[in-house]
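Structural overview
Chain by chain, the residues:
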Amino acid sequence: MIVQRAGSPVKVGELVIIPLERMSLTASGKSDGLRGYAFLYPAGVAVLSRAGVEVLNERGERVPTEACLEKTRGLREAITSSFRPYSSPR
């Protein structure tokens, strides 16, 4: 099973960078027990600024944001919570 998920947002100056991770989980059962393997790979980053959101894959190429929001667990929530500092005071 392969899962793509958002990591913890990091604020760098005026930007917020959210790492995107691809996790591969594999399990096999044998007579002597169950074995499990997990691998974590970088899948790209989401960069948030006052101008909006830009998503880059692991090769640095732009990726449609909406497609990433659909397939990356927790990305929408990470973006929503990270935009709060940019809201204007009342």
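Residues numbered from 1 in each chain as written. Predicted model: local features only at pLDDT ≥ 70, side-chain atom pairs only at ≥ 80, totals over all residues. Heavy atoms only, no water.

Moving on, we come to the pattern of salt bridges. For the coordinates displayed, the defined rule picks out eight salt bridges. Note that Arg5 and Glu21 form a salt bridge whose closest N and O atoms lie 2.7 Å from each other. Taken together, the residues Arg5 in strand β1 (residues 2-6) and Glu21 in strand β3 (residues 15-30) connect sequence positions 16 residues apart. In this structure, Glu58 and Arg22 form a salt bridge, with 4.0 Å as the shortest nitrogen-oxygen distance. Within this pair, whereas Glu58 is found in the loop between β5 (52-57) and β6 (62-63), its partner Arg22 is found in strand β3, the two being separated by 36 residues in sequence. Assessed through its relative accessible area of 26%, Arg22 is described here as partly exposed. Salt bridges sharing partners connect three or more residues here, namely Arg22, Glu58, Arg59 and Glu61. (Salt bridge = Lys/Arg side-chain N within 4 Å of Asp/Glu carboxyl O. Helix = DSSP H or I, 4+ residues; strand = E, 2+ residues; numbered from the N terminus. Buried < 20%, exposed > 50% of the residue type's maximum accessible area, 1.4 Å probe, protein only.)

In this section: the packing of aromatic side chains. Following the criterion strictly, the structure yields one aromatic pair and no others. Residues Phe39 and Tyr41 carry aromatic rings whose centres are separated by 6.4 Å and whose planes lie at 20 degrees to one another, so their mutual orientation is stacked. (Phe/Tyr/Trp six-rings, centres within 6.5 Å; stacked < 30°, edge-to-face > 60°.)

The subject of this paragraph is helix α2 (residues 75-82). Those residues of α2 lying buried are Leu75, Ala78, Ile79 and Ser82. Across the axial projection of α2, the buried residues extend over an arc of 95 degrees, all falling on one side. (Arc of directions from axis to C-beta.)

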